[in-house]
Amino acid sequence: MISKDEVKHIAGLARIGVTEKDMDKFSKDLSVILDWIKQLEEVKIEGVVPTAHISGVKNIMREDKVEEFFAKE
């Protein structure tokens, strides 16, 4: 479990005020989050191709060209 000193340090980095009353709650909550991240680290991802966009849509816009516009009025 994350100590109260670590919670104070994290709160200072995030520039948020934490009361003594909230220390235990944040300590438990942050510990749960870090435990979940440890579970994610155990997932085997070898051979999985990184995905940036799941729909497969590509940019279909035309190339931007500078042209003279004659109908200025």
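Our structure's up above, just so we're on the same page.
The rules we used
- Residues numbered from 1 in each chain as written.
- Predicted model: local features only at pLDDT ≥ 70, side-chain atom pairs only at ≥ 80, totals over all residues.
- Heavy atoms only, no water.
- Helix = DSSP H or I, 4+ residues; strand = E, 2+ residues; numbered from the N terminus.
- Buried < 20%, exposed > 50% of the residue type's maximum accessible area, 1.4 Å probe, protein only.
- Axes fitted to C-alpha atoms, helices over the stretch in contact; angles between N-to-C directions.
- Parallel < 35°, antiparallel > 145°, perpendicular 65-115°, else oblique.
- Contact = heavy atoms within 4.5 Å.
- Nonpolar A, V, L, I, M, F, W, Y, C, P; charged D, E, K, R; others polar.

(A) Unusual backbone geometry, seen in detail. One non-glycine residue, Arg15, adopts positive backbone phi at about 60°. Along the chain, Arg15 falls in the loop between helix H1 (4-14) and helix H2 (20-41). A relative accessible area of 77% places Arg15 in the exposed class.

(B) Highlighting the packing of H1 against H2. Remark: H1 packs on H2, axes separated minimally by 9 Å, with the N-to-C direction vectors making an angle of 95°. Viewed along their axes, H1 and H2 adopt a mutual orientation that is roughly perpendicular. Every residue of H2 that contacts H1 at Lys4, Val7, Lys8 and Ile10 is listed here: Glu20, Met23, Asp24, Phe26, Ser27 and Leu30. Residue composition of the contact of H1 with H2, grouped by class: 5 nonpolar, 1 polar and 4 charged.

(C) Spotlight on the environment of Val7. Here Val7 lies in helix H1. Between the alpha carbons of Val7 and Gly56 there is a distance of 42 Å; along the sequence they are 49 residues apart. Among residues more than four places away in sequence, those in contact with Val7 are Ile2, Val18, Met23, Phe26, Ser27 and Leu30.

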